[in-house]
Amino acid sequence: MVRRRFRLVPPRIQPSCLGDQHLAAFMRMLSTTALLAFLSCALLPATLHGEETGDVTPKDKLIIETVLRLQNFDLESSAPAKAAVMRYLRAEEGSDRYFELIERFQPAEIAESLVKYSIDHASETGGVRGAELLFAMNQDKSLVVMAKSDNETKAQAAVQLIGHAAGKQTVSILLPLMQSDAVTVAVRSAALKALGKRLDGQQKIMKLVTSGNLPDDLNFAAANALLGSSNTEIATTAAKYLKLPATADSRPLPALSELVKRTGDAEAGRKIFETAGTCNKCHKVRGKGKEVGPDLSEIGSKLSREAMYVSILDPSAAVSHNFETYSILTLDGLAVTGLLISETDEAVTLRNSEGIDKTVDQEDIEIFKKQKTSLMPQDLQKLLTVDQLVDLVEYILTLKKSGG
Ligand code: HEC
């Protein structure tokens with residue numbers, strides 16, 4: 001191996017014969033002088049077809065392995081090297097090398113696609129790594145903008161990423177967002193949840209709670225964040241101010257972190273869904289039940305155990321897309337609240353929580369507004385004991401795409 005190293009003088013190397021790993025191993029053996037010689041040879045005949053097609057060529061890989069190993073290499077000093085790096089970044093999104101290259105050279109041109117990548121992978125290590133790099137590159141503004149976007153899913157993903165990656169800036173970014181009127185309860189709850197993972201965040205939330213300034217619709221999220229705090233002072237003070245809602249047996253709900261550890265009886269849960277829980281008054285499962293809320297036949301493939309509890313216990317914190325609540329006030333004072341079934345130039349139809357469709361002529365409408373709360377009742381846990389709730393969640397978790 002060592003002897004081969006001397007025979008493979010730079011100009012004659014055929015990079016395409018080497019696998020990526022071998023190439024990396026080979027490059028590690030070279031001195032800086034050799035690397036520089038290598039690079040100038042690799043860059044000399046400037047083009048290969050890759051530049052036109054956007055494909056990563058074997059030569060690009062060679063350049064990348066080389067520049068990564070050259071300390072203090074200024075990527076801006078070499079247009080062909082930069083082009084090779086950018087081609088690589090576009091083609092190999094999410095790979096280890098991708099992150100390594102961004103970390104090392106921080107090309108501003110990548111920020112936009114890195115934001116997109118991170119948002120699309122917000123619940124994965126790669127997404128968080130991307131967000132950390134955005135902060136390192138001072139390109140985090142676009143994440144903050146995204147957190148205020150109308151697209152609920154993207155906004156929540158951005159909040160989650162900021163919580164993971166903003167470090168000491170977390171509070172200054174997320175605290176105002178948590179209190180903003182311009183975003184939905186879901187986004188504000190997500191901001192609270194992210195803040196609740198940090199001690200300084202918990203302290204800020206606590207301040208709002210003790211001064212009576214925490215918006216009511218954040219109570220559930222705040223109780224979960226503070227009652228379970230590992231800081232005893234926060235946990236004890238929180239217990240004086242915040243309570244998780246009571247269940248049918250008048251006992252307060254355990255915190256989410258406790259609930260998710262429990263398992264229940266799915267068959268018992270199925271019966272509760274159709275009786276005490278009243279879930280089938282609004283949800284269809286495999287053709288049975290009313291259609292006010294989303295069909296839950298495959299909900300077990302979509303939501304995690306924790307998300308299931310939040311959907312039931314704090315529905316407004318995660319209103320699913322296309323199921324936003326609207327309200328109409330007519331000129332003669334009639335108030336209608338429900339899901340938007342249709343909207344034309346002539347009339348608007350809303351479906352209320354009993355599953356009844358009500359159509360109002362456009363000319364009779366005084367106010368037509370999207371609500372921030374879910375049509376699903378906020379206090380369904382009142383109908384259930386803790387054990388019944390656990391059984392119910394066990395049941396809906398079994399509702400999966402195929403069979404189950
Ligand atoms: C009055 C009608 C109503 C009742 C009763 C009701 N829901 Fe809902 N539910 C909705 C609506 C509307 C939505 C969609 C808006 C939202 O996500 O909050 C929804 C959403 C959900 C979701 C999230 C679905 C998704 O795709 O993300 C779950 C899970 C759920 N409900 C479970 C239940 C369970 C379990 C019960 C019984 C304890 C129940 N619901 C009772 C109306 C209802």
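Everything below is about the structure shown above.
Residues numbered from 1 in each chain as written. Predicted model: local features only at pLDDT ≥ 70, side-chain atom pairs only at ≥ 80, totals over all residues. Heavy atoms only, no water.

So, on to the site of the ligand. Close contacts around the ligand come from 26 residues, with Cys279, Cys282, His283, Ser374 and Met376 the closest. One nitrogen or oxygen atom from the side chain of His283 is found 2.8 Å from a nitrogen atom belonging to the ligand. Take Lys302: an N or O atom from its side chain is 2.7 Å from an oxygen atom of the ligand. At the level of elements, α19 (305-313) and α20 (386-397) are the ones that each hand at least two residues to the shell around the ligand. Classifying every residue of the shell around the ligand gives 17 nonpolar, 8 polar and 1 charged. (Near = heavy atom within 4 Å. Polar contact = N/O pair within 3.5 Å; in protein donor to acceptor, adjacent residues only side chain to side chain. Helix = DSSP H or I, 4+ residues; strand = E, 2+ residues; numbered from the N terminus. Nonpolar A, V, L, I, M, F, W, Y, C, P; charged D, E, K, R; others polar.)

Enumeration over the complete set of coordinates arrives at 6 aromatic pairs. Summarising the aromatic geometry, the rings of Phe99 and Tyr117 are spaced 6.1 Å apart at their centres and angled 65° between planes, so their arrangement reads as edge-to-face. Placement of the pair is Phe99 in helix α7 (residues 96-105) and Tyr117 in helix α8 (residues 111-120), with a sequence separation of 18 residues. Overall, the relative accessible area of 2% leaves Phe99 in the buried class. Ring pairing ties together the aromatic residues Tyr98, Phe99 and Tyr117, which thus form one cluster. (Phe/Tyr/Trp six-rings, centres within 6.5 Å; stacked < 30°, edge-to-face > 60°. Buried < 20%, exposed > 50% of the residue type's maximum accessible area, 1.4 Å probe, protein only.)

With that settled, consider a negative patch on the surface. A surface patch of like charges, here negative, comprises Asp332, Glu343, Asp345, Glu346, Asp361, Glu363 and Asp364. Following the sequence through the fold, Glu343 ends up in strand β2 (residues 335-343). Since its relative accessible area comes to 48%, Glu343 is described here as partly exposed. (Patch = residues over 30% accessible without salt bridge, like charges linked within 9 Å, V, L, I, M, F, W, Y side chains within 5 Å. Areas by Shrake-Rupley, 256 points an atom, 1.4 Å probe, with all protein chains shown as cover. Salt bridge = Lys/Arg side-chain N within 4 Å of Asp/Glu carboxyl O. Lys, Arg positive; Asp, Glu negative; His and termini not counted. Charge placed at Lys NZ, Arg CZ, Asp CG, Glu CD.)

Membership of the largest hydrophobic core comes to 105 residues, with the highest contact counts inside it found for Leu143, Leu174, Met178, Leu192, Ile205 and Leu214. In terms of residue count, α20 provides more of this core than any other element does, 8 residues in total. For Leu174, the contacting residues outside a window of four places in its chain are Val159, Ile162, Gly163, Ala191, Ala194 and Leu195. Residues Tyr326, Val336, Leu350 and Val360 belong to the second largest nonpolar core, which totals 7 residues. (Core = buried A, V, L, I, M, F, W, Y, C linked by side-chain atoms within 4.5 Å. Contact = heavy atoms within 4.5 Å.)

On the protein side, the iron atom of the ligand has His283 (NE2) and Met376 (SD) as donor atoms, found 2.0 to 2.1 Å from it. With 6 donor atoms in place around the iron atom of the ligand and angles of 86 to 178° between them, the coordination shape is octahedral. With His283 in the loop between α18 (266-274) and α19 and Met376 in the loop between β5 (365-370) and α20, this pair connects stretches of sequence that are 93 residues apart. Its relative accessible area of 22% is what places Met376 among the partly exposed residues. (Donors = N, O, S within 2.8 Å, 3.2 Å for Na, K, Ca; no water. Tetrahedral: all angles 85-135°; square planar, octahedral: opposite > 155°, others 65-115°.)

Moving on to the pairing of strand β4 (residues 357-361). Judged from the 5 bridges that link them, strand β3 (residues 347-351) and β4 form a sheet pairing that is antiparallel. In the sheet register, Thr349 faces β4, and the bridge partner there is Thr359. Here β3 hands over to β4 after 5 residues, with Gly355 in that stretch at a positive phi of 85°. (Pairing = 2+ DSSP bridges.)

It is worth spelling out unusual backbone geometry at this point. Positive phi values are uncommon outside glycine, yet Ser250 reaches one of about 60°. For Ser250, a relative accessible area of 59% translates into the label exposed. In this structure, Arg286 is a non-glycine residue whose phi angle is positive, near 45°. Within the secondary structure, Arg286 is located in the loop between α18 and α19. By relative accessible area, which is 45% here, Arg286 ends up partly exposed.

None of the figures reported here should be taken as evidence of function without further support.
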